[in-house]
Amino acid sequence: MSGPSYAEVIGDPIAQSKSPLIHKFWLDALGLAGDYRRSHVTPDALAAFVEQRRADPDWRGCNVTIPHKVAVMDLVDDPGNIRGTIGAMNTIVRQPDGSVIGTNTDAAGFYAPLADLDLEGAPVAVVGAGGAARAVLFALARAGVGHVTILNRSPLKAMGLLATFGLNGEVVGLDSSLPPVSLLVNSSSLGMTGQPPLDLDLSPLPDDAIVYDLVYAPLQTELLGAAEARGLDTVDGLDMLIGQAALAFELFFDAPPPEGRDDELRGLLTA
């Protein structure tokens, strides 16, 4: 006999994830039966986890966070060619026939707060070269941005990313000074609770630059604090978190999140 359907978020570590709060808020708001959990899955347990869940008819799928976004691509079907485009998956969904497919809601979630801006030809800087950076660069390439500077601890790892997404630019070390870009994005875990700080001098940025930090724990990172002290516009990690979660929620539970409740949700997430 099957129980209520459920989805979850997996990662290592996982205690910091706010995804259960978001999805449960939406399930309650819509009066839907179902649950959303967090599961600690280590890299060596990932393959067994996917196989176990594949056999569970109540499992709708999961969100995938650090460090599994690339490794999980080897374990699921890829009908949308995520491997060949973004190169990282953050959402896997069990289909009614028992097959498990992977997709990526990070790129659209990241871009949603920027959708009204004209970024065509604009110079951009991105910190990091992991799974989140791939989604960011994919979205920026679609937006037609100009010169892209990737700042990363190991520049060699990031070199291929520019070519992958057909972007013009360069890769520099984390200790390099920022170029005068229109948009600065931190896609790394630097500045997250328990991680080393991200120490960037923002003085080269023009006065109309936007600083976007994907880190949401803490929500007010040192980077965003420094940007606000300079009077720059900022976007925090909750915008992307809620945006990508909304797309995943619909895939898991066959219903869009309730409209007009984002302020209430942000209040819960920041309480």
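Our subject in this report is the structure included herewith. All values reported here derive from a predicted model rather than from experimental measurement.

### Some thoughts on the overall build of the chain
From N to C terminus, the chain includes eight helices and 11 strands. Relative to the compact-globule value of 18 Å for 271 residues, the chain shows a C-alpha radius of gyration of 19 Å, a close match. With respect to the three principal axes, the spread of C-alpha positions in the chain is 60 × 40 × 35 Å. Looking at the chain as a whole, 49% of its 271 residues qualify as buried. Taking all contacts inside the chain whose residues are at least 6 apart in sequence as the whole, residues at least 24 apart take part in 67%. As presented, the chain carries roughly 12200 Å² of accessible surface, and 51% of it is formed by carbon and sulfur atoms.

### A word on the sheet that holds strand 5 (residues 100-103)
If you trace the five strands from one edge of the open sheet to the other, you get 2-1-3-4-5, paired in mixed fashion. Looking at which strands have only one partner, the edges of the open sheet turn out to be strand 2 (35-40) and strand 5. Taking the axes of each pair of neighbouring strands and ignoring which way they run, one obtains an average angle of 20° across the sheet. For strand 4 (residues 91-94) and strand 5, the ladder comprises four bridges, and the chain directions are antiparallel. The residue of strand 5 that forms the bridge with Val-93 is Ile-101. Packed on one face of the sheet, helix 1 (residues 19-30) meets strand 1 (6-11), strand 2 and strand 3 (59-64) and runs near 170° to strand 2. Across the face of the sheet, helix 2 (residues 46-54) comes into contact with strand 1, strand 2, strand 3, strand 4 and strand 5 while running at roughly 175° to strand 1.

### Section: the nonpolar core
Ranked by size, the top nonpolar core spans 49 residues in total, and within it Ile-92, Phe-110, Leu-140, Leu-183 and Tyr-212 carry the most contacts. Per element, the largest residue contribution to this core is seven residues, and it comes from helix 4 (residues 131-142). Apart from residues lying up to four places away in sequence, Ile-92 is in contact with Val-50, Trp-59, Arg-60, Gly-61, Cys-62, Val-64, Val-72, Val-76, Val-100, Ile-101, Gly-102 and Phe-252. In this structure, Ala-7, Ile-22, Phe-249 and Phe-252 belong to the second largest nonpolar core, which totals 20 residues.

### Thoughts on the pattern of salt bridges
Under the definition given, this model contains 11 salt bridges. Between Asp-106 and Lys-69 there is a salt bridge, with the nearest N and O atoms lying 2.7 Å from each other. Within this pair, whereas Asp-106 is found in helix 3 (residues 106-111), its partner Lys-69 is found in the loop between strand 3 and strand 4, the two being separated by 37 residues in sequence. Just as Asp-106 is buried, Lys-69 falls in that class too. Ionic contacts of the salt-bridge type, sharing partners, join the residues Lys-24, Asp-35 and Arg-37 into one network.

Conventions and cut-offs
- All residue numbers here refer to positions counted from 1 along the written sequence of the relevant chain.
- Note on the predicted model: pLDDT of at least 70 is required for a residue's local features to be given, and 80 or more for side-chain atom pairs to be given and counted; whole-chain, interface and lining totals, by contrast, use all residues.
- The side-chain quantities take in all heavy atoms of the structure and omit both hydrogens and water.
- Think of it this way: any DSSP run of H or I at least four residues long counts as a helix, any run of E at least two long counts as a strand, and we number them from the N terminus.
- In this treatment the radius of gyration is a C-alpha quantity, and the globule benchmark scales as 2.2 Å times the residue count to the 0.38 power.
- Under the scheme applied here, a residue whose accessible area is under 20% of the maximum for its type counts as buried, over 50% as exposed, and between as partly exposed, the area being computed with a 1.4 Å probe on protein chains only.
- The contact criterion used is simple: two residues touch if any of their non-hydrogen atoms lie within 4.5 Å.
- Areas reported as accessible are Shrake-Rupley estimates using a 1.4 Å probe. Residue values count occlusion only from the protein chains shown.
- Strands are treated as partners if at least two bridges between them are detected by DSSP.
- What counts as an axis is a line fitted to C-alpha atoms, over the stretch in contact for a helix, and the angles between N-to-C directions run from 0 to 180 degrees.
- For the purposes of this section, nonpolar cores are sets of buried Ala, Val, Leu, Ile, Met, Phe, Trp, Tyr and Cys residues that join through side-chain atoms within 4.5 Å.
- Salt bridges are counted wherever a side-chain nitrogen of Lys or Arg sits within 4 Å of a carboxyl oxygen of Asp or Glu.

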